[in-house]
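Survey of secondary and tertiary structure
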Amino acid sequence: MFGLLKNSINRAKFKKNTCLNFVVLTALNLVPFLRPNEDTQMNEIPKTYDAKSAEAHWYAWWMEKGFFRSVPDEREPYTIVIPPPNVTGVLHMGHMLNNTIQDVLVRRARMQGKNACWVPGTDHASIATEAKVVKLLADQGIKKQDLTRDEFLKHAWSWKEKYGGIILEQLKKLGASCDWERTRFTMEDDLSEAVIEVFNKLYEKGYIYRGYRMVNWDPSALTAVSDEEVIMKEKNSKLFHLRYQIEGTDEWLTIATTRPETILGDTAVAVHPDDARYAHLHGKRVLVPLIKRSVPVIFDEYVDREFGTGALKVTPAHDKNDYELGKKHQLEMIDMLNPDGTLSKAAQLYIGQDRFAVRKQIVKDLEEAGHLVKTEDIKNSVGHSERTDAVIEPRLSQQWFVAMKEISKPALEHVENGDIRLIPDKFINTYRHWMENVQDWCISRQLWWGQRIPAWYLPEGDFVVAMNEADALKKAQQKNPAYTAADLRQDEDVVDTWFSSWLWPISVFDGFKDPNNKDIQYYYPTNDLVTAPEILFFWVARMIIAGYEYRGDLPFRNVYLTGIVRDKQGRKMSKSLGNSPDPLDLIEQYGADGVRVGMLFSSPAGNDLLFDESLCEQGRNFTNKIWNAFRLVKGWTADANAAQPAAAQNAIAWFEQRFQQQLAEIDEHYLRFRLSDALMATYKLVWDDFCSWYLEAAKPDFVDGQPKPVDAQTQAATIHFFEQILKLLHPFMPFISEELYHLFAERKDHDALIVAPWPVQKTVDSALVDRFQIAVDVITNVRNIRKQKNIPPREQLTLLVKTSAPDAEFDALIAKLSGLASIAYVAEKPTGAIGFVVKTAEYFVPFATNINVEEERARLAKEIEYNKGFLKSVVSKLANERFVANAKPEIIANERSKQADAEAKIKALEEQLANL
């Protein structure tokens, strides 16, 4: 693909030029579309496309005319809800890819006559936003703990109002055609009310419970996080082999750990019951190094006898597996870490010191005390917080959970049965594995920014869950009529951010506020969701769960999973690596259309995109190619009395069929969500078929250095074809396509490309396309001969054709594009000519001077060798019984046709070689 692009794209320099052809514009009554501040002489169409001016003009115009706005009506709805970016976010390359894909889908649906609704919005992002606000306050000398909750939230809302909408404004630069009047925010009143309502309903059904359990603890954000918010990173670590003395003996037991500081929370050592090495330790106890705590040796089949020494230290309060062992064997739970990652009083040593500082010190102390046996360098996976990048600590904590086993069953069933498609489907197995092993969802977060957990605690230690404080008091008084509001204390925590965004496809249409309102009835379920695979579980799966739980229906029909945008070295783009360009800088340099095309040139669903800025340059050059084609066509002058040349007739008849052929392919790519392929098919149709062949054949000849007037039929057909092409281009390149659509003809107020009808497929005359391809092959061969012999284009040649079935259908076109004086059909092979074969016909270009026989022999021998190799591959395929048994009849017929053509071509070439 890259070779095709680099070899064929015009490298014209991009520059501003505000001069427009005043004569053309006046004749077409298009002067109102001139850009502001155009005070230069308008004596020519600009040589280059002014992207910045066009983007500002057309986006404002689309907004002004309400083309993005959607309200329920009689049309078929097409709905996408945006994956809400964090209010803390600014546009990055992942956003660019994701939202370009969404806009392509929405714009095409709009052109198909559907009522396209793309709902934008932002996510309140509890952890990330609170971290931003805490930092902002710290810069002002204010500590969070010195503020009341209400005072802190006032600062947080102020920050949100100032910075929270930046990313949505940036999306407009990309051309995102969202219905901005529908913009939602996950913490606005109605959406927060929906979260509280769902919490209450799930609690009443027994799906939400409060428990003291092992959670993933972020010591930086000081909150629990879900399993899906833990990112595993491979690290270079050390494995420390430590020895524990068996109590009352001189015998020692060696264990291995990467976290030696946690021995201070050990409450047992475990071995396998069938491990003969430790059979004598039944009923024995060991002493924890340094603190001399006596702990039992326990026997459990969980222990892997083959790993390490076969002996396992057990720290129930700081390891998930150890926690399960601790519950099973009723071990003491010693919490030796404070919430901020420092050691607690329960650790006995290093109290108040950071966990990683303690790790370094305790190794020295263990070595001095004779407990360190050896140290190994290893690589292991370490969990990090997705939001703060802090190393996660397993920690026992009182939290709120959603029981997931029963509620999640429909979400697996409806993906497996195909009701909801994952694109590409390679993700179905991953999805199934996660759903079949789903863990309960920890939904409480120790933060202030977010929806506060609607639970109120009572003096006796009980609690009630309610919609609000008044409702909570009523429920409390049912337990004890003497309770007053002063007796109630609301939970300090907020719910997980994903607990609000899992309701997004319903809540954006106020489906909880009014389950039967017009919007939810019309737009739900939505059509397509475009998102990243890394949030398939903790967002996509949960939205599916919520859809079936609260609407009894799927939330979307298709989930298009994009890949990760990486640099050309394959590295994930990040600020720390400095390998992520600023998307707005790219738009400034290459234009929004150029960047959109550049992003989609190589972004198949589910596969990572290796981004290279040259892709955007190629996208920009494509806009220039389209602009230059427009300049060529608009430069033609028409003559109503001129006869239509045969070559133009050929070109028009062919391109009508070729367009339909490519339209069918493009529509099929869209159907299968192969957007990169749809773009490339569109690109080839424009660059190769329209510009390289159609326009070359249809354009008027030059006389005395000036183009002749074009006939009216050819001009009308060319403009029609160009407008049809602009429709195919519009989803990918909305700005230049809208610009040219309005420069081709006077348009009424709402006659815009953004709502122009998508081309409709018609029956294709494939035979005509195939016959034209023969003409293309002939022209290409003649041009190659010119190149080999350094014959200038102005020197006309003669072409002789030897064939059993003479066909002059495209002779006029061949003559024009090959620079021929004549084409003649002959019965015998001429002498003194260079020949070539296309299908079964032989073609010869005679020369007055003698040809170089050795060169011609070498050329023919090379061509024979190539065709024999091709024939061998076709014969091999037809000899494959599995291929013949499974292939469609038309495919087999096509292969047999290839075989016959290759055999005839080889025979003709061998005869030519023999004649030499």
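Definitions and cut-offs
- Residues numbered from 1 in each chain as written.
- Predicted model: local features only at pLDDT ≥ 70, side-chain atom pairs only at ≥ 80, totals over all residues.
- Heavy atoms only, no water.
- Buried < 20%, exposed > 50% of the residue type's maximum accessible area, 1.4 Å probe, protein only.
- Helix = DSSP H or I, 4+ residues; strand = E, 2+ residues; numbered from the N terminus.
- Right-handed = clockwise from strand over helix to strand, strands pointing away.
- Contact = heavy atoms within 4.5 Å.
- Axes fitted to C-alpha atoms, helices over the stretch in contact; angles between N-to-C directions.
- Parallel < 35°, antiparallel > 145°, perpendicular 65-115°, else oblique.
- Nonpolar A, V, L, I, M, F, W, Y, C, P; charged D, E, K, R; others polar.
- Salt bridge = Lys/Arg side-chain N within 4 Å of Asp/Glu carboxyl O.
- Pairing = 2+ DSSP bridges.

Among the five residues that make up strand 2 (residues 115-119), five are buried, leaving the element largely enclosed by the rest of the structure. The alternating pattern of strand 2 places Asn-115, Cys-117 and Val-119 and Ala-116 and Trp-118 on opposite faces, both of which are buried. For the segment spanning strand 1 (residues 77-81), helix 4 (residues 93-111) and strand 2, crossover handedness is right-handed.

Before going further, it helps to spend a moment on the side chain of Thr-309. Topologically, Thr-309 is positioned in the loop between strand 11 (294-299) and strand 12 (311-314). Excluding residues within four positions of it along the chain, Thr-309 makes contact with His-241, Thr-254, Ile-255, Arg-277 and Tyr-278.

Interhelical geometry of helix 21 (residues 646-671) versus helix 26 (residues 811-818) gives an angle of 105° and a closest axis separation of 7 Å. In terms of orientation, helix 21 and helix 26 fall into the roughly perpendicular class. Of the residues in helix 26, those touching helix 21 at Ala-646, Ala-647, Asn-650 and Ala-651 are Ala-812, Leu-813 and Lys-816. When grouped by side-chain class, the residues that make up the contact of helix 21 with helix 26 number five nonpolar, one polar and one charged.

This brings us to the pattern of salt bridges. Pairing between side chains of opposite charge can happen when the charged atoms of each approach one another. Throughout the structure, instances matching the rule amount to 52 salt bridges. We note a salt bridge from Glu-492 to Arg-149, for which the minimum N-O separation is 3.1 Å. Residue Glu-492 is located in the loop between strand 20 (489-490) and strand 21 (494-495), and its partner Arg-149 is located in helix 6 (residues 149-163); the two are separated by 343 residues in the primary sequence. For the salt bridge of Glu-842 with Lys-802, the shortest nitrogen-to-oxygen distance reads 3.9 Å. In this pair, Glu-842 is assigned in strand 33 (residues 841-846) and Lys-802 in strand 30 (residues 797-802), connecting sequence segments 40 residues apart. Taking the relative accessible area as the measure of exposure, Glu-842 reaches 5% and is therefore buried.

A few words now on the sheet that holds strand 18 (residues 455-457). Ordered in space as 19-18-20, the three strands form an open sheet in which the pairing is antiparallel. Here the strands that pair on one side only, and so sit at the sheet edges, are strand 19 (463-465) and strand 20. The sheet contact formed by strand 18 and strand 19 spans three bridges and is antiparallel. Note on strand 19: the bridge partner recorded for Trp-456 is Val-464. Here helix 13 (residues 469-479) sits on the sheet in contact with strand 18 and strand 19, set at roughly 135° to strand 19.

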